[in-house]
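The residues making up each chain are set out below.
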Amino acid sequence: MSERVNLGKSAPELYQAVIELDRLASDALTNAGIAVGFSHLLRLRASQINQCAFCVRLHTRDALANGESADRVAVVPVWKETEYFSPKECAALELVEAITLISEGQLPDAIYEQAATDLSREEMSAIEWLAVVINTWNRIAISSRYPVKE
């Protein structure tokens, strides 16, 4: 296979714009009171769905480094089958999943309405922006084939 175009190197101004968008989304999460560790679990879940190995490894490490337990990290793929997450966290995970899987029924009204019951508008906005940003990062890393080596 030929070497892929590294999007960060081929268009650094666009890459920097995504970095800035990521920073703004992180600020919105902080302002909405969403814990940094949990924000990495949200990023991790989207990255798992998108099968982005680079981002899965990155956000697993970041979640652990920011206070998330190994148990919560381990059960993210099956979060609906556990009691590890609060109703608010479940609503956030559900919203991120729906946005990540947007081609499957768009963003269903039932998921959005449940999220609106459990989350404030500020939290919903921050989580939706996080989903947009992590899905962007996943596409950059996957398209560029960022290496994941031991």
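Our structure is the block above this text.
To keep things clear, this report deals only with the structure shown in the data block. (Residues numbered from 1 in each chain as written. Predicted model: local features only at pLDDT ≥ 70, side-chain atom pairs only at ≥ 80, totals over all residues. Heavy atoms only, no water.)

Tallied over the entire structure, the rule returns two aromatic pairs. Taking 5.3 Å as the distance between ring centres and 75 degrees as the angle between the ring planes, the aromatic pair formed by tyrosine 15 and tryptophan 137 counts as edge-to-face. Residue tyrosine 15 is located in helix α2 (residues 12-31), and its partner tryptophan 137 is located in helix α8 (residues 121-144); the two are separated by 122 residues in the primary sequence. For tyrosine 15, a relative accessible area of 23% corresponds to the partly exposed category. Ring geometry for phenylalanine 54 versus tyrosine 146: centroids 5.2 Å apart, planes at 80 degrees, classification edge-to-face. A residue pair is termed long-range when its members are at least 10 positions apart, and phenylalanine 54 in helix α4 (residues 53-65) and tyrosine 146 in the segment after α8 qualify at 92 residues. According to the relative accessible area criterion, phenylalanine 54 is partly exposed, its value standing at 27%. (Phe/Tyr/Trp six-rings, centres within 6.5 Å; stacked < 30°, edge-to-face > 60°. Helix = DSSP H or I, 4+ residues; strand = E, 2+ residues; numbered from the N terminus. Buried < 20%, exposed > 50% of the residue type's maximum accessible area, 1.4 Å probe, protein only.)

Okay, the side chain of threonine 100 next. Mapping threonine 100 onto the fold places it in helix α6 (residues 87-100). Overall, the relative accessible area of 8% leaves threonine 100 in the buried class. Of the polar contacts made by the side chain of threonine 100, one reaches the side chain of asparagine 135; its length is 3.1 Å. Setting aside residues no more than four positions away along its own chain, threonine 100 makes contact with Ala46, Ile49, Asn50 and Asn135. (Polar contact = N/O pair within 3.5 Å; in protein donor to acceptor, adjacent residues only side chain to side chain. Contact = heavy atoms within 4.5 Å.)

Okay, the environment of serine 10 next. Within the secondary structure layout, serine 10 lies in helix α1 (residues 7-10). On the basis of relative accessible area, serine 10 is assigned to the partly exposed category, the value being 46%. From its side chain, serine 10 meets the backbone oxygen of leucine 7 in a polar contact 3.4 Å long.

The next thing to look at is the side chain of threonine 82. In this structure, threonine 82 sits in the loop between α5 (70-74) and α6. Within the structure, the side chain of threonine 82 is placed 3.0 Å from the backbone oxygen of tryptophan 79, a separation counted as a polar contact. Looking at threonine 82, its side chain comes within polar contact range of the main-chain nitrogen of tyrosine 84, at 3.3 Å.

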